[in-house]
Amino acid sequence: MDLMNTWNGQSNAEPLSWNVHRFAGTLDRWRRLVGETAAVRRCGPETLLLSENSPARRSYLVEEGVLALSHHLSTGKQVFLTLRSRGQVFGHSRHVLNHSFELSASALTDCVVRMLDSQWLIDQIRGGGDAGVLLMEQHAFDLYESASALIDLIHLDASARLRKFLMQFAAAAGVPSGEEMLVKVPLTDGYLASLLGISPQQFSAVKRKLASEGKVRHIREKQTWIISTGHHQFTETVA
Amino acid sequence: MMNEIPTMTLSSQTGPGVFFWRKESARSTLWQWKQSGLLSAPQWYPAGASIFARSAAPRDAFLLERGVVAFERDPVTREKSGIGALCLPGNLFGHYPGGLADDSLHSVIALTRCMVYRISREKMLAALQKGGETALFIVCQYLHNLLCARARATESSTKGTKARLEHLLLELASVLEDRGPAGCIRLPLKDKELAGILGISPQQFSVIKKEMEGEKVIACFGQRNKLALRSGGAKIQFFKVYGCKRIPSIASSA
């Protein structure tokens, strides 16, 4: 299939590559393992849950909401890595591999997470059963997706990457797919620009381009993005 | 037959460099995988062979022992390569998770003659259910591969393009075993493919190359199919092998 056709909305294929639904059943499986004893934390958008100062043994299971994992550079810039949503675990790699590749995790929406001890995860894996299977499935998906993301970085321009990010975000937030998808993204343009690795000026240009092509509209006052999938495209141009 | 492997050694490694390819750690990883009893018989692929097409991505994982494989989407234009990333010995690939849209799929091709093991997904799941050091090894391997991919993706923000090209050539020099004329390393990548891996356009690549020639870091000669890299007092010579013809999926166990 022609890649560009997909992004021009001329394809019948669902242009959503980040299949969050695969993890929908995993939360129940994790809950059965974790039980009700692990502490629950609730947080709002842009809350930093994990940083270089976090205890190395702390990891999290996402119960509700969407988070971004990123890598903070010494320059202050951050590199967006991936999203985490319901049924996914993050933060465990620091203890499991004892590495120093600093990850940070910040909430993009209202989130509910359950705190885990990474050593408990290791013990669960060694003990056999579902924990190792669940982690392997999550990592296998991430690994395949990371190769795709690298190829996207080369082949897709910033506007295609923004649209793809919004589609991924919609999927992670549980927005049902349709010809028009309304996604509430409580993030500033500057924050989104930094996630995509572009300047705020470039971000504005990208937004204008997508609006003029009828692919994405941003209603700033409602913090809502409307994504056109499939054949339907917007006829009006909204700044 | 699944075996229990010795306690894995990754946990003692620290520092950001651990996520970049090193021959010794690749060897150690391959040895540990072999102890697990999860690997198929080795399969050999000639240069240019499709290990799998994007339309037939397998659920099983693959482990590369020798050679270099590339992840490729269809080229966007004649000038622009479809290659977006490389996989080096000791790394995993494959393990298609299912349910992805066509635009997220990629094919995998052998850039050089490659030796690959298939790791059955069912066998891995059985090992994980059983637990023990083998289960922990599998999870750690996936996690390590994932962090390597992330370190690679992050490199474009932390290092300049010239430094990344130098690093890529150094990595390829330690991986590639084929020698061409006068002992030169046979480099199976065209400029546009190197540009693709670095995430820049072929035009930007030309500019970078000229600048590095001016700085005497690299030298191009012999109708420009020879490339020499000066790094850390050493001179590494490459001989570019053009026209690695794509061939359908064929593997031999010989």
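Treat the numbers as computed from the prediction; the structure is a model and nothing was measured.

Cut-off values and rules
Residues numbered from 1 in each chain as written. Chains lettered and ligands numbered in written order. Predicted model: local features only at pLDDT ≥ 70, side-chain atom pairs only at ≥ 80, totals over all residues. pLDDT = per-residue confidence, 0-100. Helix = DSSP H or I, 4+ residues; strand = E, 2+ residues; numbered from the N terminus. Expected span 1.5 Å × (residues − 1). Buried ≥ 20, exposed ≤ 12 C-beta atoms within 10 Å, placed from the backbone. Domains from an automatic or database assignment. Contact = placed C-beta atoms within 7 Å. Nonpolar A, V, L, I, M, F, W, Y, C, P; charged D, E, K, R; others polar. Pairing = 2+ DSSP bridges. Axes fitted to C-alpha atoms, helices over the stretch in contact; angles between N-to-C directions.

### Side note on the confidence of the model for chain B
(1) Moving on: Per-residue pLDDT for chain B averages 83, and the proportion of residues at 70 or more is 82%.
(2) Moving on: Confidence estimates for the predicted assembly give a pTM of 0.83 and an ipTM of 0.83.

### Some remarks on helix 5 (residues 130–155) of chain A
(1) Moving on: The terminal C-alpha atoms of helix 5 of chain A lie 37 Å apart, and with 26 residues this matches the ideal 38 Å at 1.5 Å per residue to within 8%.
(2) Moving on: In terms of burial, helix 5 of chain A is largely enclosed, as 24 of its 26 residues are buried.

### Quick look at the domain arrangement of chain B
Residue and element names in this part refer to chain B.
(1) Moving on: Split by domain assignment, chain B resolves into domain 1 (22–157) and domain 2 (161–240).
(2) Moving on: Between domain 1 and domain 2, the residue contacts involve 16 residues of the former and 15 residues of the latter.
(3) Moving on: Every element with two or more residues in the side of domain 1 that touches domain 2 is listed here: strand 5 (83–87) and helix 3 (132–158).
(4) Moving on: The element best represented in the side of domain 1 that touches domain 2 is strand 5, accounting for 4 residues.
(5) Moving on: Its residues assigned to classes, the side of domain 1 that touches domain 2 shows 8 nonpolar, 4 polar and 4 charged.

### Focus on the pairing of strand 8 (residues 114–119) of chain B
Residue and element names in this part refer to chain B.
(1) Moving on: In this structure, strand 1 (residues 43–45) lies alongside strand 8, joined through 3 bridges in antiparallel fashion. By the bridge assignment, Trp-44 is partnered in strand 8 with Met-115.
(2) Moving on: With 5 bridges joining them, strand 3 (residues 61–66) and strand 8 adopt antiparallel strand pairing. Residue pairing across strands places Leu-63 opposite Tyr-117, the latter belonging to strand 8.

### Quick look at the sheet that holds strand 9 (residues 185–187) of chain B
The strands that make up a sheet are held in pairs by hydrogen bonds between backbone atoms, and each pair lies either parallel or antiparallel.
Residue and element names in this part refer to chain B.
(1) Moving on: One open sheet holds the 4 strands; their spatial order is 9-12-11-10, and the pairing between them is mixed. Two strands close off the open sheet at either side, each with one partner strand: strand 9 and strand 10 (218–221). If you compare each strand with its neighbour and ignore which way they point, the axes differ by 30 degrees on average.
(2) Moving on: Where helix 4 (residues 161–175) meets the sheet, it contacts strand 9, strand 11 (226–231) and strand 12 (234–240), and its direction lies at approximately 105 degrees from that of strand 11.

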